[in-house]
Amino acid sequence: MDLMYILLILAGIIGLVLFYFILSYLALWLQALVSGAKVGLINIIFMRFRKVPPKLIVESKIMAVKAGIEIPTDSLEAHYLAGGNVSRAVQSLIAADKANIELTFNRAVAIDLAGRDVLEAVQMSVNPKVIETLLVTAMAKDGIQLTALARVTVRANIDRLVGGAGEETILARVGEGIVSTIGSANTHKEVLADPGSISKTVLSKGLDAGTAYEILSIDIADMDVGKNIGAVLATDRAEADKKIAQAKAEEKRAMAFAQEQEMKARVQEMRAKVVEAEAQVPLAMAEAFKSGNLGVIDY
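About the cut-offs
Residues numbered from 1 in each chain as written. Predicted model: local features only at pLDDT ≥ 70, side-chain atom pairs only at ≥ 80, totals over all residues. Heavy atoms only, no water. Helix = DSSP H or I, 4+ residues; strand = E, 2+ residues; numbered from the N terminus. Buried < 20%, exposed > 50% of the residue type's maximum accessible area, 1.4 Å probe, protein only. Contact = heavy atoms within 4.5 Å. Areas by Shrake-Rupley, 256 points an atom, 1.4 Å probe, with all protein chains shown as cover. Arc of directions from axis to C-beta. Pairing = 2+ DSSP bridges. Patch = residues over 30% accessible without salt bridge, like charges linked within 9 Å, V, L, I, M, F, W, Y side chains within 5 Å. Salt bridge = Lys/Arg side-chain N within 4 Å of Asp/Glu carboxyl O.

Peer 1: How should the overall build of the protein be read in this particular structure?
Peer 2: Helix and strand counts for the protein come out as eleven helices and four strands. When each of the 299 residues of the protein is scored for burial, the buried share is 29%. Counting contacts in the protein only where the partners sit at least 6 residues apart, residues at least 24 apart contribute 67% of the total. With the model as given, the accessible surface of the protein reaches about 18900 Å², and the carbon-plus-sulfur share is 61%.

Below, the structure written as structure tokens:
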């Protein structure tokens, strides 16, 4: 009898657990049913076995149906199993639909799986984003250095989000354009008088090609005059020429000193030879006296 009671208790516990799970699945099914989203009860139950959260799929399906967008349940499950953000993808579709932006589910899924925030991209298409460059330093032809800070207004390009370059590329290209534009100016005063010319020139170069964004405007937020690089270079060149001249003069002085020492050495050498020759005369005379070739009267 004790074993029977234990089995009955275990059966009751198992029954309660099953009832709880069935009730939760039933609640999701009823929620989908009254919302107009067609998700079968059996499909909801088997989502658990496919390791897909039924609540996420059902709520995403309901959200799409309420917005007037029809997305197959299997597609939502497949996107989740692929590692995508289901609710984010559905929200992006709803936002795009309200903003009259053409965006299909497959496109949204591709953007999401590519690692980009598809909802933020849709929002940027409606509300452009302003990004700011670092301080860009360039020099005009007159040698005066200028520093500029630019603000770039960009809008997401849905068609180029997959495979398109990011904000860093935009900022790098804008910075390069500012440097080349300032560098081509004859004087720094021309640039200071019309900073907008930089924006027009840079914007006309099509810097957003191959990126995930479309550049709407480039505005020079700040510009300052820096060093007179031309004067610094001229001073450095003069200093270098001075050092070269000093080095050449020192070289010539050293060569002259060496020649002087060489001449002194030659004089000493010649004097030694004279002394040696003078020393040979008495020896020769003594030898002549000794040999009888030279007499006293001859001497």
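Peer 1: What exactly am I supposed to notice about helix H10 (residues 196-203) here?
Peer 2: Count 3.6 residues to each turn of an α-helix, and residues three or four apart come out pointing the same way. Buried within H10 are the following residues: Ile 198, Ser 199 and Val 202. The buried side chains of H10 occupy one side of the element, clustering within an arc of 100° when seen end-on.

Peer 1: Got a minute to help me understand the side chain of Ser 125 in this structure?
Peer 2: Secondary-structure assignment places Ser 125 in helix H7 (residues 118-126). We classify Ser 125 as buried; its relative accessible area is 15%.

Peer 1: Explain the pairing of strand E3 (residues 144-156) here, please?
Peer 2: In terms of burial, E3 is a largely internal element, eleven of the 13 residues being buried. Pairing geometry for strand E1 (residues 129-132) and E3, over four bridges, is antiparallel. Bridge pairing links Glu 132 to Arg 151 in E3. Where strand E2 (residues 136-139) folds back onto E3 in an antiparallel hairpin, the turn is made up of four residues, including Gly 143, whose phi is positive at roughly 90°.

Peer 1: Help me out: how do you make sense of a nonpolar patch on the surface in this one?
Peer 2: A cluster of nonpolar residues, Leu 26, Leu 30, Leu 33 and Val 34, forms a patch on the protein surface that exposes about 360 Å² of accessible area. Here Val 34 shows up in helix H1 (residues 2-35). Residue Val 34 is classed as exposed on the basis of its relative accessible area, which comes to 67%.

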